[in-house]
Amino acid sequence: MGILGNEEREVLERIGFRDGKQGSGIIRFLSRLLREENGAGKDPELALWMARGCCALGDYEHYHMAVRWLERGGSAACRDGEAEGMLALGHLYCGRPERALAHIE
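Residues numbered from 1 in each chain as written. Predicted model: local features only at pLDDT ≥ 70, side-chain atom pairs only at ≥ 80, totals over all residues. Heavy atoms only, no water.

Visitor: How should a positive patch on the surface be read in this particular structure?
Guide: On the surface, Lys-21, Arg-28, Arg-32 and Arg-35 cluster together to form a positively charged patch. By secondary structure assignment, the location of Arg-32 is in helix 2 (residues 20–37). Its relative accessible area of 41% is what places Arg-32 among the partly exposed residues. (Patch = residues over 30% accessible without salt bridge, like charges linked within 9 Å, V, L, I, M, F, W, Y side chains within 5 Å. Areas by Shrake-Rupley, 256 points an atom, 1.4 Å probe, with all protein chains shown as cover. Salt bridge = Lys/Arg side-chain N within 4 Å of Asp/Glu carboxyl O. Lys, Arg positive; Asp, Glu negative; His and termini not counted. Charge placed at Lys NZ, Arg CZ, Asp CG, Glu CD. Helix = DSSP H or I, 4+ residues; strand = E, 2+ residues; numbered from the N terminus. Buried < 20%, exposed > 50% of the residue type's maximum accessible area, 1.4 Å probe, protein only.)

Visitor: What is the right way to read the packing of helix 3 (residues 44–57) against helix 4 (residues 60–72) from this model?
Guide: Two numbers describe a pair of packed helices, the interaxial angle and the distance between the axes. Where helix 3 contacts helix 4, the two axes come as close as 8 Å, and the packing angle between them is 170°. On the basis of the axis angle, helix 3 is roughly antiparallel to helix 4. For the pair helix 3 and helix 4, the contacting residues are Leu-46, Ala-47, Leu-48, Met-50, Ala-51, Cys-54, Cys-55 and Leu-57 in the first and His-62, Tyr-63, Met-65, Ala-66, Trp-69 and Leu-70 in the second. A class-by-class count of the residues in the contact of helix 3 with helix 4 yields 13 nonpolar, one polar and no charged. (Axes fitted to C-alpha atoms, helices over the stretch in contact; angles between N-to-C directions. Parallel < 35°, antiparallel > 145°, perpendicular 65-115°, else oblique. Contact = heavy atoms within 4.5 Å. Nonpolar A, V, L, I, M, F, W, Y, C, P; charged D, E, K, R; others polar.)

Visitor: Sorry if this is basic, but what is going on with the side chain of Arg-52 here?
Guide: Tracing the backbone shows Arg-52 in helix 3. Given the relative accessible area of 13%, Arg-52 is considered buried. With residues up to four places along the chain from it excluded, the contact list for Arg-52 reads Phe-17, Glu-82 and Met-86.

Visitor: Help me understand the packing of helix 1 (residues 6–15) against helix 2 in this model?
Guide: Running from N to C, helix 1 and helix 2 point in directions that differ by 160°, and their axes come no closer than 9 Å. By the angle between their directions, the pair helix 1 and helix 2 is classed as roughly antiparallel. Helix 1 and helix 2 meet at a crossing whose hand is right-handed. Listed contacts from helix 2 to Glu-8, Val-11, Leu-12 and Ile-15 of helix 1 are Gln-22, Gly-25, Ile-26, Phe-29, Leu-30 and Leu-33. (Left-handed = near helix turned anticlockwise from the far one by under 90°.)

Shown next as structure tokens:
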């Protein structure tokens, strides 16, 4: 079971993840939650939310961070098209087009 409950999901939905300001809000919220919970291990839902926040920022460092979070979350984090798309975008942005292609296919 993950560390995100209904209350945390509601907060994340309210913050949103469509632009850099909202992406920063998600990252801050989840980072604070991780400190309180002493880490999250391989929580796929948390990994997906963290990747959403990172991709909203749109820079190399955060695309790289999104890829690391999704890979850490395991295959469960990458079951849907959104996560696969973020992985592809992250790999492409970080100069690994062959890895990006694998996720797009």
